[in-house]
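Here's the letter readout for the chains.
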Amino acid sequence: MRNPLSAAGLVLAPMAMLLSSCATVPVPATQNVMAEQHTRAEIREVANRAANWQLANLDNLEETIRYISRETPNKRGWVMGTFFLGLADYAQRTDQPLYLQSLTRIADDQDWRLGDRLYHADDHLIGQVYFALDRAGVASADLAPTQATLDAILADRPTNQMMHPDVESDPGCARRWCWSDALFMAPATWWDAASTLNNAAYADFAHEEFVVATDLLFDQEVGLYYRDSRFFDRRGADGEKLFWSRGNGWVYGGLVNILQVMDVNDPRRDYYISLFRRMSDSLVAIQTDEGMWRASLLATSETPPETSGTGFFTYGLAWGLNEGVLVGDRYETAANAGWDALVANVDADGRLGYVQQVGDQPEGVQPDDTQLYGVGAFLLAAGQIERLRTR
């Protein structure tokens, strides 16, 4: 097993200080309390606005989303599943049961099943939502279908190769976690199952497969993940290695989700913490002065802002600070700058813009581009930013 900290660390580049909404000069204690309450109210207002807009347009996809993939309308798929996960997390952190009730109706309607593809990581994401609803005390929660799927995989564990084919009709490595997105979609479901269902075999499987994926895709020198094996030798317009913002956002957010559900005494926890810290240092070093991250993370030319990757990075940085995993002003500055940049891209109705559409690599993005997974990342960030700014 390779140590994710074995490579030399990046030298952190200077980053412009962006002001957060918190007070920056000493004020009396009573004024501090008022400022914190105002900040909490602002965070909830914009997050609720985004959540409400997305819920209201859940079945209005063709009028709100520029590119609709075959997975977009699937309420057990990864596109909607990421929004549902963000909404569940945000609802619990802010004690808003109406959002949980909406999610419960959807879960009931789907019979609490995972996606239809047995091995595909994208179809395991929704399990994280089901576990969250179960923890919230939802009476109708039924984890049996999820357990049955995981047991079927363990009974016939895939052993195929991990190199990604360029032929769409070839399932290739998709039976395993051979692309970076998969590390958000599936592992936390397995870790949650290990804890909730008291079966260590689920955690063992998840860890073994995560390590295999990381050994393949993690660039030790840069401290970031390739999207999949096709990108090892590809370069971007500026000659940079191609590290996709959302692809790394999937991994970074996935690390947080794993760490939140795994046993704090698990000896494997240090592996995930070290990866998380290594990525954190790499990400803080390349954040733009505007608080965003470029679609191609190492690009040097000006590119439009991109909010899905930025949402996941803000989520992770804020979580790390809240849990004491990250310590230092540079992380807090980066988290606050990321949040303020995200908020600037939510319109008056609650629509989050500049979300790169469904894809597998850095691509162009337009101001009114939105997607459900972008809103999900935004809501995950909102819950942690509220903790950060009011602790």
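Residues numbered from 1 in each chain as written. Predicted model: local features only at pLDDT ≥ 70, side-chain atom pairs only at ≥ 80, totals over all residues. Heavy atoms only, no water.

A. How the structure looks around the overall build of the protein chain. A tally of helices and strands in the protein chain yields 14 helices and two strands. Here the contacts in the protein chain between residues at least 6 apart in sequence split such that 72% fall between residues at least 24 apart. Surface accessibility of the protein chain: about 15600 Å² in total, with carbon and sulfur atoms responsible for 50%. (Helix = DSSP H or I, 4+ residues; strand = E, 2+ residues; numbered from the N terminus. Contact = heavy atoms within 4.5 Å. Areas by Shrake-Rupley, 256 points an atom, 1.4 Å probe, with all protein chains shown as cover.)

B. Here's a closer look at the state of the cysteines. One pass over the full model with this rule turns up one disulfide. The disulfide that involves cysteine 173 links it to cysteine 178, with 1.8 Å between the sulfurs. Residues cysteine 173 and cysteine 178 share a disulfide whose torsion about the S-S bond is about 55°; that sign makes it right-handed. Per residue, the accessibility class of cysteine 173 equals that of cysteine 178, and both read buried. (Disulfide = S-S within 2.5 Å. Buried < 20%, exposed > 50% of the residue type's maximum accessible area, 1.4 Å probe, protein only.)

C. Structural context of unusual backbone geometry. Not every positive phi belongs to a glycine, and aspartate 111 is a case in point at roughly 60°. Structurally, the position occupied by aspartate 111 is in the loop between helix H4 (97-109) and helix H5 (126-135). A relative accessible area of 47% places aspartate 111 in the partly exposed class. With phi around 55°, tyrosine 354 is a residue other than glycine that occupies positive phi space. For tyrosine 354, the position within the fold is in the loop between helix H13 (329-343) and helix H14 (372-390). Residue class for tyrosine 354 comes out buried when judged on its relative accessible area of 18%.

D. Examining the pattern of salt bridges more closely. Using the criterion set out here, one finds 25 salt bridges in the structure. For arginine 76, the salt bridge is made with aspartate 116, and the minimal N-O distance between the two is 3.1 Å. A residue pair is termed long-range when its members are at least 10 positions apart, and arginine 76 in the loop between helix H2 (61-64) and helix H3 (78-93) and aspartate 116 in the loop between H4 and H5 qualify at 40 residues. Residue arginine 76 is classed as buried on the basis of its relative accessible area of 7%. (Salt bridge = Lys/Arg side-chain N within 4 Å of Asp/Glu carboxyl O.)

E. Summary view of a negative patch on the surface. A contiguous patch of negative charge, built from Asp108, Asp109, Asp111 and Asp142, is present on the exposed surface. Structurally, aspartate 108 can be placed in helix H4. Among the residues examined, aspartate 108 registers a relative accessible area of 33% and is labelled partly exposed. (Patch = residues over 30% accessible without salt bridge, like charges linked within 9 Å, V, L, I, M, F, W, Y side chains within 5 Å. Lys, Arg positive; Asp, Glu negative; His and termini not counted. Charge placed at Lys NZ, Arg CZ, Asp CG, Glu CD.)

F. Quick look at the packing of helix H11 (residues 269-286) against H13. The N-to-C vectors of H11 and H13 enclose an angle of 65°; their axes lie 10 Å apart at closest approach. Both H11 and H13 take part in a crossing whose hand is left-handed. Between H11, through Ser280, Asp281 and Val284, and H13, the contact on the second element is made entirely by Arg330, Tyr331 and Ala334. When its residues are assigned to classes, the contact of H11 with H13 shows three nonpolar, one polar and two charged. (Axes fitted to C-alpha atoms, helices over the stretch in contact; angles between N-to-C directions. Left-handed = near helix turned anticlockwise from the far one by under 90°. Nonpolar A, V, L, I, M, F, W, Y, C, P; charged D, E, K, R; others polar.)

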